[in-house]
Amino acid sequence: MLNLYNSLSKKQEEIKIDKNDVRIYLCGPTVQSSPHLGHGRSAVVFDFFIRYLKYLNYSVLFVRNITDIDDKIIEKSQENNISYRELGNNVWKEFVLAHENLNCLVPDIEPRATAYISEIIKYIEQLIQNGFGYVTSSGVYYDVSKFEKYLQLSGRSIEEVRTGTRVDTQDDKNRAEDFALWKFSKEGEPSWDSPWGGGRPGWHIECSTMISETLGKTIDFHCGGIDLIFPHHENEIAQSKGVDINENFVNYWLHNGMLNLSGKKMSKSDGNVKLLNEYIDEYGGEVVRFFFLRAHYRSPQEFSEQLLKEAKKTLSNLTEFTKDVVAEPSDNDMVDIFVDCMNDDMNTPKLLGEIFQKVKDTNNLEQEKIIKIKQSVKFIFEILGFELKSPKPNIVDEKLLFKFFAQYDIRFNDIESAMIEFSRKREDFRNNKKYGEADKMREDLLEIGIVMNDGENVGWYWKNS
């Protein structure tokens, strides 16, 4: 039987749900800046989970949201002198590219926060009506004192929350720990009409609302990074219970561990990030995906380029081992090992250890048994979203490059010098606020297999796709 660790009960539990109607919500990205490796880990580990459920013949409805409006998005868009929507769309394209290259399943529904404003307003109205929300001069807030089980998920105390509350919280809240449901907009900021005044939703309310609208009042699995337990998921519970106190919001809470660089949590706020698409371009999406498979999803995972290189070598060995067979569940022992490990809270490191031992032991087996093991290894990895195909060498078509750069009046002597000139011309468009022309240049470049990234501290880089 499938057993998973439930972050609410703080223990591993046997999963008891209707296999014919499994509802999963994964907290998706806030589209303020380019995806980093931490985003990749969350996307991949829950992709393993959903693929495994489908292997077990669970009928899954999978929703992953897009946060396309919040304070950081507004701030970033103002810095770049573009609209919040243009910033969000540009960043989301980068996430889509990363998810595709990591071979992640496309969600059944991908709701955007700004598409659910009217539903969010109705949800807030219900919270106010039920006595959980109140209006001030700065916005609408949730009164956490009204919800007795607040902080049950995170296990924190109110004193800890008050101590950790940011210094820039609004003075007109009843308590420091109360959180925003609706924020009144300042001049020049995006704004939607509401019964309380023009503004925008708080971060937490969007997920509670979109879950209710897309999946219903009760869902089976709520997934996300462990950093979202507080305050985001804690506040989602408070909101859902504020609307319907008797309704079970989530059956099982699943959280992946953080990715660490030199022992430190990867964090945008600390400037401690590595851009995901850079590593995908250099090592390939399958290698990055395999790197995430090597650690238990709930544990912190250390990242370094050396570890990524080791993952590349190991994956290459597995690809070589299975290159001459088709994927088939031919070896019952191998399939049983796979199921036992995945049923044990998705213990992928144990699974890899068992597989590698089986591969090692093939040296002493007959050819027929070896083929069955090879087929089963390939079968298991295909379930987990791997193709195990040998990479084809990159080929640069010089005639194509000559023709492409000629349309921009750029002499193609070598790719580096041509890209420097191309980047300069594109930057001129951006400096003159001709963002449409600049975006078209990047899109045209992508069509010939070269990626240009405007991420922070990156400038441009190219890679034949």
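Residues numbered from 1 in each chain as written. Predicted model: local features only at pLDDT ≥ 70, side-chain atom pairs only at ≥ 80, totals over all residues. Heavy atoms only, no water.

## Points about the packing of helix 3 (residues 84–101) against helix 16 (residues 435–447)
Which entries qualify depends on this criterion: Lines fitted to C-alpha atoms define the axes, with helix axes restricted to the stretch in contact, and inter-axis angles between N-to-C directions lie between 0 and 180 degrees. Numbered from the N terminus, helices here are DSSP runs of H or I no shorter than four residues, and strands are runs of E no shorter than two. Just so you know how the angles are binned, under 35 degrees is roughly parallel, over 145 roughly antiparallel, 65 to 115 roughly perpendicular, and the rest oblique. The criterion used for residue contact is that any of the two residues' heavy atoms lie within 4.5 Å.
Here helix 3 crosses helix 16 at 5 degrees, and the two axes come no closer than 13 Å. If you check the angle between helix 3 and helix 16, you find them roughly parallel. On helix 16, the residues touching E86, N90 and K93 of helix 3 are Y435, D439, R442 and E443.

## Looking at the domain arrangement of the chain
Operational definition: Domain boundaries shown here were taken from an automatic or database domain assignment. Note on definitions: buried area is the accessible-area loss of two parts on being combined, 1.4 Å probe, summed for both. Salt bridges are identified by distance alone: a Lys or Arg side-chain nitrogen within 4 Å of an Asp or Glu carboxyl oxygen. Polar contacts, as counted here, are pairs of nitrogen or oxygen atoms within 3.5 Å of one another; within protein the pair requires one atom able to donate a hydrogen and one able to accept it, and residues that are adjacent in sequence qualify only if both atoms are side-chain atoms. In the scheme used here, Gly and all other residues not listed as nonpolar or charged are polar, with Ala, Val, Leu, Ile, Met, Phe, Trp, Tyr, Cys and Pro taken as nonpolar and Asp, Glu, Lys and Arg as charged.
Along its sequence, the chain is carved into domain 1 (3–261), domain 2 (322–391) and domain 3 (398–462). On a C-alpha basis, the centroid separation for the pair domain 1 and domain 3 is 37 Å. Opposite the nine residues of domain 1 that make contact, domain 3 presents eight residues. Between domain 1 and domain 3, the buried area comes to about 660 Å², and carbon and sulfur atoms account for 37% of it. Between the two partners, domain 1 and domain 3, sit one salt bridge. Residue E443 pairs with K93 through a salt bridge whose shortest N-O separation is 3.4 Å. The tally of links from domain 1 across to domain 3 stands at one residue pair in polar contact (both at pLDDT 80 or more). For the side of domain 1 that touches domain 3, the leading source of residues is helix 3, giving four residues. Taken together, the residues that form the side of domain 1 that touches domain 3 break down as one nonpolar, four polar and four charged.

## With respect to unusual backbone geometry
Cut-off, in case you're wondering: Between buried and exposed lies partly exposed: a residue is buried under 20% and exposed over 50% of the maximum accessible area for its type, with that area taken using a 1.4 Å probe on protein chains only.
With an omega dihedral of 5 degrees, the bond running from F230 to P231 counts as a cis peptide bond. In this structure, P231 sits in helix 7 (residues 229–243). Despite not being glycine, K10 shows a phi value in the positive range, around 60 degrees. In this structure K10 comes out as partly exposed when scored by relative accessible area, which is 39%.

## Structural notes on the state of the cysteines
As a reminder, the rule being used: Working definition: a disulfide is two cysteine sulfur atoms within 2.5 Å of each other.
Tallied over the full model, the rule gives zero disulfides. Just so you know, C104 is unpaired, no disulfide at all, and the nearest cysteine sulfur is the one on C223, 13 Å from it.

## Some details on the packing of aromatic side chains
For clarity, the threshold we go by: Here a pair means two rings of Phe, Tyr or Trp (six-membered ring of Trp) with centres within 6.5 Å. Their orientation is stacked below 30 degrees between planes, edge-to-face above 60, and tilted elsewhere.
One pass over the full model with this rule turns up 26 aromatic pairs. Centroid distance Y52 to F338: 5.5 Å. Interplanar angle 85 degrees. Geometry classified as edge-to-face. With Y52 in helix 1 (residues 37–55) and F338 in helix 11 (residues 332–343), this pair connects stretches of sequence that are 286 residues apart. Each member of the pair, Y52 as well as F338, carries the same accessibility label: buried.

## A short note on the sheet that holds strand 8 (residues 199–201)
Two modes of strand pairing occur in sheets, parallel and antiparallel, and in both the strands are linked by backbone hydrogen bonds. Formally: For two strands to count as paired, DSSP must find a minimum of two bridges between them.
In spatial order, the strands read 5-6-7-8; together these four strands make up an open sheet with antiparallel pairing. Strands at the two margins of the open sheet, each flanked by one partner only, are strand 5 (133–135) and strand 8. Neighbour to neighbour, the strand axes of the sheet diverge by 20 degrees on average, direction disregarded. Here strand 5 pairs with strand 6 (residues 139–142) via three bridges, running antiparallel. Following the sheet pairing, Y134 is matched in strand 6 by Y141.

## Section: the sheet that holds strand 10 (residues 250–256)
If you trace the four strands from one edge of the open sheet to the other, you get 4-3-9-10, paired in parallel fashion. Since the sheet does not close on itself, it has two edges, and those belong to strand 4 (60–64) and strand 10, each with one partner. Pairs of neighbouring strands in the sheet enclose a mean axial angle of 20 degrees, with direction left out of account. Of the pairings in the sheet, the one linking strand 3 (residues 22–26) to strand 9 (residues 219–225) comprises three bridges and is parallel in character. In the strand pairing of strand 9, L26 is matched with C223. Those strands touched by helix 1 are strand 3, strand 4, strand 9 and strand 10, and its axis lies near 135 degrees from that of strand 10. Here helix 6 (residues 203–214) sits on the sheet and contacts strand 3, strand 4 and strand 9; the angle it forms with strand 3, its principal contact strand, is near 155 degrees.

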